[in-house]
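Listed below, chain by chain, are the residues.
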Amino acid sequence: MADELRARITSGELRPGQRMPTQAKLADEFGIERGAVRQALRILQSEHLLTNVSKGAPATVAPDLGKTALTGPGAPPQSTMVALAPRIAAAFAAPHVEIDALCLTSVSLTLAIGEPLRQIHVGQLNPAKIDVRVLLPSRDIPLAFPTPVGDSADDDEQLRRRWLAQRNAQGQVLRHNLLALRATHGIDVQVSFRALPFTPPVKLYLLNGAEALFAYYTVARSEVEIDHRHLEMYDAPGIQSMLFAFEQGAALRDTTFVEQSHVWFNALWETISSELVLTS
């Protein structure tokens, strides 16, 4: 229940300041006891997504949802799927949006961009300029993951083609959706991709020079079906990676982490990365 309500809040289905359904209605909807409902609501309150959780009146979605949910005092790290979209949307409130990303396929970034794009199209956001830079693994290197559990060269090639198709498709969608803002809203948009000569063990998002969002790719054994065959592989689903947030000015350690993350990203961009073409 906590996961479902968290998704409704971060997706915008439940708006900041909106009152939640009563505990009785939530208990009926999810088919659980009221004690379990209160426990789920307290979890969301501890994450600063809800306020006024009690046995009486319905809880309220936190009014300052964007920053508080991810970086409020004592707030725990959250999965990329939950945490990234509200932070990206908050970054798009700036006149000049600057986003740098280092990742495996850009699927999380493409999904997260959907919310600020929606807000731009309905007139809630109106940035003047958007600059996005994305570092992705090169197609010309052996990937550390995804990779087959066994030593089959055929399986490795199938997983590589699958990853490459996903990398290219997500990058193309991201670029198309952002560049379309030039024609629809007259926004100055630049989207650039470069290729890394290694498989990144971490993912990093840098927002407007003020925030760094960092997560580990945790490799695990899983199974995938390709051409009606089930392949055992080692992979790291990025949307489930726990995202840690660091904010410029929050503390000396946070400020230093943000600054050094920019230095690291720029060094990769300007030195060992190469031109990336999003084609098969």
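About the criteria used
- Residues numbered from 1 in each chain as written.
- Predicted model: local features only at pLDDT ≥ 70, side-chain atom pairs only at ≥ 80, totals over all residues.
- Heavy atoms only, no water.
- Phe/Tyr/Trp six-rings, centres within 6.5 Å; stacked < 30°, edge-to-face > 60°.
- Buried < 20%, exposed > 50% of the residue type's maximum accessible area, 1.4 Å probe, protein only.
- Salt bridge = Lys/Arg side-chain N within 4 Å of Asp/Glu carboxyl O.
- Helix = DSSP H or I, 4+ residues; strand = E, 2+ residues; numbered from the N terminus.
- Patch = residues over 30% accessible without salt bridge, like charges linked within 9 Å, V, L, I, M, F, W, Y side chains within 5 Å.
- Areas by Shrake-Rupley, 256 points an atom, 1.4 Å probe, with all protein chains shown as cover.
- Pairing = 2+ DSSP bridges.
- Contact = heavy atoms within 4.5 Å.
- Axes fitted to C-alpha atoms, helices over the stretch in contact; angles between N-to-C directions.
- Parallel < 35°, antiparallel > 145°, perpendicular 65-115°, else oblique.
- Left-handed = near helix turned anticlockwise from the far one by under 90°.
- Nonpolar A, V, L, I, M, F, W, Y, C, P; charged D, E, K, R; others polar.

Caption draft 1: Local environment of the packing of aromatic side chains. Evaluated as defined, the whole model comprises five aromatic pairs. An angle of 85 degrees between the planes, with centres 5.1 Å apart, marks the rings of Phe214 and Tyr216 as edge-to-face. We classify Phe214 as buried; its relative accessible area is 17%.

Caption draft 2: Molecular detail of the pattern of salt bridges. For the structure shown, the criterion picks out nine salt bridges. Put simply, Arg229 and Asp155 hold a salt bridge, and the shortest N to O gap is 3.2 Å. Here the residue Arg229 occupies a position in strand S11 (residues 229–235), and Asp155 occupies one in helix H7 (residues 153–185), the gap between them amounting to 74 residues. Its relative accessible area of 39% is what places Arg229 among the partly exposed residues. The closest approach of N and O atoms between Arg221 and Glu232, which form a salt bridge, is 3.4 Å. One end of the pair, Arg221, is in strand S10 (residues 220–226); the other, Glu232, is in strand S11, with 11 residues separating them in the sequence. In the salt-bridge network here, residues are joined through shared partners; they are Glu4, Arg8 and Glu29.

Caption draft 3: A look at a nonpolar patch on the surface. A contiguous nonpolar surface patch, about 300 Å² in accessible area, is contributed by Tyr216, Met242 and Phe244. Checked against the element boundaries, Tyr216 lands in strand S9 (residues 211–216).

Caption draft 4: Quick peek at the sheet that holds S11. In space, the three strands of this open sheet follow the order S6-S11-S10, with antiparallel pairing throughout. This sheet does not close on itself; its edge strands, each paired only once, are strand S6 (147–148) and S10. Sheet topology places S6 next to S11; two bridges connect them, and they run antiparallel. Bridging across to S11, Pro148 finds its partner in Met233. This element, H7, spans S6, S10 and S11 of the sheet and lies at about 75 degrees to S11.

Caption draft 5: How the structure looks around the packing of helix H5 (residues 80–91) against helix H6 (residues 107–121). It is at 8 Å that the axes of H5 and H6 come closest, and there the two elements cross at 40 degrees. Compared by their axis directions, H5 and H6 come out oblique. Of the two elements, H5 crosses H6, and the hand of that crossing is right-handed. Across the interface between the two elements, Thr80, Leu84, Ala85, Ile88 and Ala89 from H5 touch Ser108, Leu109, Ala112, Ile113, Glu115, Pro116 and Gln119 from H6. By residue class, the composition of the contact of H5 with H6 is eight nonpolar, three polar and one charged.

Caption draft 6: Main features of the sheet that holds strand S4 (residues 96–102). Taken together, the eight strands give an open sheet; going across it, the order is S3-S12-S9-S8-S4-S5-S7-S13, and neighbouring strands pair in mixed fashion. Each edge of the open sheet is held by one strand with a lone partner, namely strand S3 (78–79) and strand S13 (274–275). As judged from the six bridges shared by strand S8 (residues 202–207) and S9, these two strands associate in the antiparallel manner. Opposite Lys203, over in S9, you have Ala215 as the bridge partner.

Function-wise, these values are silent; they only describe arrangement.
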